[in-house]
Amino acid sequence: MAETGGGSVHRLRKQLESSSFQAEHYVKLLSQQSDGDRDLQEHRQRIQSLADETAQNLKRNVYQNYRQFIETAREISYLEGEMYQLSHILTEQKSIMESVTQALLHADRSEAAREMQAAFPKEAEEGKARNLTTLLEKVEGCKNLLETPGRYLVYNGDLTEFDVDHMVLIQKVHAFLMNDCLLIATSLPSRRGMYKFDALYNLDDLAVVNVKENPPMKDMFKILMFPESRIFQAENAKIKKEWLEVLEETKKNKVLNEKRKKEEEAPRSPVVSEVLANPFEDEESTPNEEVVDLSLEWIQELPEDLDVCIAQRNFEGAVDLLDKLKSYLEDKPLTHPVKELKAKVDERVRQLTDVLVFELSPDRSLRGGPKATRRAVSQLIRLGQSTKACELFLKNRAAAVHTAIRQLRIEGATLLYIHKLCNVFFTSLLETAKEFEMDFAGKNGCYSAFIVWSRTAMKMFVDAFSKQVFDSKESLSTAAECVKVAKEHCNQLSEIGLDLTFILHGLLVKDIKAALQSYKEIIIEATKHRNSEEMWRKMNLMTPEALGKLRDEMRSCGVVSFDQYTGDDCWVNLSYTIVAFTKQTMAFLEEALKLYFPELHMALLDSLLEIILVAVQHVDYSLRCEQESEKKTFIRQNASFLYDTVLPVVEKRFEEGVGKPAKQLQDLRNASRLIRVNPESTTSVV
């Protein structure tokens with residue numbers, strides 16, 4: 001029987017799993033072949049057992065797949081770490097190969113240039129000058145460039161300029177690289193093939209940085225000129241490589257030519273001339289000049305050792321070698337061999353500086369926080385480049401802050417997003433300030449640059465803050481809570497001596513004034529609407545619970561004497577309009593005081609006065625127009641509550657929140673007292 005049951009279940013499973021299975025046909029056939037209710041019940045049990053078995057199999061498969069998913073995620077995480085390490089190694093290898101390639105190309109090109117110069121010196125100079133003259137005739141406003149003797153064209157070509165911060169296309173330009181400067185010209189749409197002068201940069205004042213490929217933005221390089229930078233895109237990777245190589249080589253040749261000219265133009269020492277003029281004089285009669293021994297092994301190998309340190313990214317070792325040489329030559333005479341050695345070393349210093357500049361460029365990975373920049377910054381400072389190190393450090397951190405804010409996920413709840421935004425921004429600002437103080441200790445000139453950077457970073461934060469809080473028209477209470485959170489985070493910076501609260505206030509004041517103005521108009525509109533429906537009747541709250549709730553609300557508003565206006569059987573001897581106005585006005589004042597800082601004093605006070613005047617003028621008008629004595633008595637009772645209770649509470653709370661009394665509120669209360677004394681007066685409160 002067991003086998004028979006098992007076989008029937010197996011057949012049933014195959015039948016149900018068949019691709020040609022039709023439920024209606026199966027049920028119809030089953031009802032025809034069944035032998036009563038018992039047969040149907042047994043068939044139902046077999047189908048139910050199949051369903052239970054299928055459910056168990058599904059659970060086991062889901063569990064097994066879940067375990068495999070977890071194991072796969074672990075493997076992926078492990079592989080991701082290995083790929084990141086491999087990418088870092090490949091990047092370093094690529095940097096080393098590029099350094100070696102540039103060194104070899106520089107040597108080959110320099111040798112070829114020297115041979116050409118030696119063979120045809122005059123023809124080469126004239127040809128270069130003619131080329132420069134021909135090209136610059138196409139550029140308006142550049143005739144004075146031809147007046148500099150010895151200037152010639154090295155390289156030129158079309159480039160596309162992009163915005164550094166937003167990578168938006170700006171314009172098409174044509175760049176002219178001369179042996180001592182770089183000219184940027186823009187095309188003239190009205191005159192084809194003609195250009196207009198845009199900018200001229202001395203090669204000594206600029207640095208060239210390769211921009212990492214980030215499709216679709218590719219084939220780009222950046223030119224840094226303190227305190228600005230520009231980014232250009234070449235037509236393809238080959239032209240970009242040519243621009244980078246020729247710019248670096250031209251900068252190096254310019255420095256070498258200037259040093260060579262200085263050496264040739266330097267006047268000979270009269271003592272040396274005297275010695276050379278008398279060859280028969282004894283050698284002992286030469287001046288008592290200390291001889292510089294450059295035959296030491298470490299000095300002979302110094303240029304090569306510097307190349308190795310730069311290629312291996314051993315920046316500390318390279319700077320240590322430079323310090324050692326500087327200490328050795330500090331009190332030595334500047335002889336010709338020393339000059340030659342310094343020329344070789346200066347070339348390596350420029351290479352080292354370029355590598356360190358690239359390390360600090362925002363195009364590099366921003367992982368690791370500000371501590372990741374410490375190595376490059378410290379070595380630039382040791383090389384005497386504190387200003388450049390400060391500029392690059394702050395640009396790097398600005399890019400990091402911008403990226404962190406941009407990657408922050410916008411939450412549905414505004415207050416939750418503001419908490420995350422403040423935590424990300426102010427934590428990053430605090431870390432940057434601590435790292436800056438550590439790296440640039442004693443460099444007092446750099447601190448002003450950090451303050452300027454802090455203001456720029458704060459503006460970036462306020463833009464994101466205002467877009468979420470004020471542009472989305474959040475309620476005044478939500479805006480007040482968000483501003484309170486930002487103030488608390490900003491106050492934490494004062495622990496390290498960095499107080500940016502006044503900058504935060506200055507950047508937020510416009511948006512907060514607009515929010516106060518908008519909320520004030522809402523309250524005035526609501527008050528006018530209630531005034532238009534005013535019947536001057538007592539409030540009946542119906543239940544003791546409702547009366548108790550209102551009593552608590554008024555107590556929280558600061559109205560402690562509310563009980564004297566309550567009557568029997570849940571009646572309140574006040575108008576609904578006056579009670580609603582009191583609650584809304586005090587709520588506005590409480591939220592506005594959370595937003596308060598001195599720059600908002602008059603804006604807050606004027607808004608408060610406008611709101612109060614709407615109620616005061618309504619009571620004044622009602623007292624003058626009402627003829628029925630009973631209603632007039634009730635209006636005076638409401639006026640007494642408004643003038644003697646509400647206005648003093650507003651005045652006191654304003655003084656507590658601001659720290660000083662408001663004369664305008666006192667004058668308004670005194671004017672209201674005159675109305676009660678002479679209710680028939682036709683003078684309205686202003």
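Residues numbered from 1 in each chain as written. Predicted model: local features only at pLDDT ≥ 70, side-chain atom pairs only at ≥ 80, totals over all residues. Heavy atoms only, no water.

A. Spatial organisation of the overall build of the chain. When its secondary structure is counted, the chain shows 21 helices and 10 strands. Taking all 686 residues of the chain together, the buried fraction comes to 39%. Counted over contacts in the chain with a minimum sequence separation of 6, partners at least 24 positions apart contribute 67%. (Helix = DSSP H or I, 4+ residues; strand = E, 2+ residues; numbered from the N terminus. Buried < 20%, exposed > 50% of the residue type's maximum accessible area, 1.4 Å probe, protein only. Contact = heavy atoms within 4.5 Å.)

B. A look at the nonpolar core. Within the largest apolar cluster, 130 residues are counted, with the highest numbers of intra-cluster contacts made by M458, F461 and F465. One finds L177, L182, Y201 and I223 within the second-largest nonpolar core, a separate group that totals 20 residues. (Core = buried A, V, L, I, M, F, W, Y, C linked by side-chain atoms within 4.5 Å.)

C. Geometry of the packing of aromatic side chains. Scanning the model with the defined rule gives 19 aromatic pairs in all. Here the aromatic rings of F425 and F426 are separated by 5.0 Å at their centres, their planes lie at 80 degrees, and the arrangement is edge-to-face. An identical accessibility class is assigned to F425 and F426; each is buried. Judged by centre distance (4.9 Å) and plane angle (80 degrees), the rings of Y565 and F641 are edge-to-face. Within this pair, whereas Y565 is found in the loop between α17 (544–556) and β10 (571–572), its partner F641 is found in helix α20 (residues 629–658), the two being separated by 76 residues in sequence. Grouping residues by exposure puts Y565 and F641 together as buried. An aromatic cluster is built from F393, F436, F440, Y447, F450 and W453, whose rings are joined through pairwise contacts. The aromatic ring of W298 is capped on one face by K324, whose charged end is 4.4 Å from the ring centroid. (Phe/Tyr/Trp six-rings, centres within 6.5 Å; stacked < 30°, edge-to-face > 60°. Lys NZ or Arg CZ within 6 Å of the ring centre and 35° of its normal.)

D. Examining unusual backbone geometry more closely. Residue W536 is not a glycine yet carries a positive backbone phi of 50 degrees. Along the polypeptide, W536 turns up in the loop between α16 (501–532) and β9 (539–540). Backbone geometry places M542, a non-glycine residue, at a positive phi of 75 degrees. Note that M542 resides in the loop between β9 and α17.

E. Up close: the pattern of salt bridges. Enumeration over the complete set of coordinates arrives at 25 salt bridges. A salt bridge links K254 to D204; the nearest nitrogen and oxygen atoms lie 2.7 Å apart. Of this pair, K254 sits in helix α5 (residues 237–265) while D204 sits in the loop between β5 (195–202) and β6 (206–210); the two residues are 50 residues apart in sequence, bridging distant segments of the chain. Among the salt bridges present, the one from E591 reaches K594, with a minimum N-O distance of 3.7 Å. Taken together, the positions of E591 and K594, both in helix α18 (residues 576–594) and 3 residues apart, correspond to about one turn of that helix. (Salt bridge = Lys/Arg side-chain N within 4 Å of Asp/Glu carboxyl O.)

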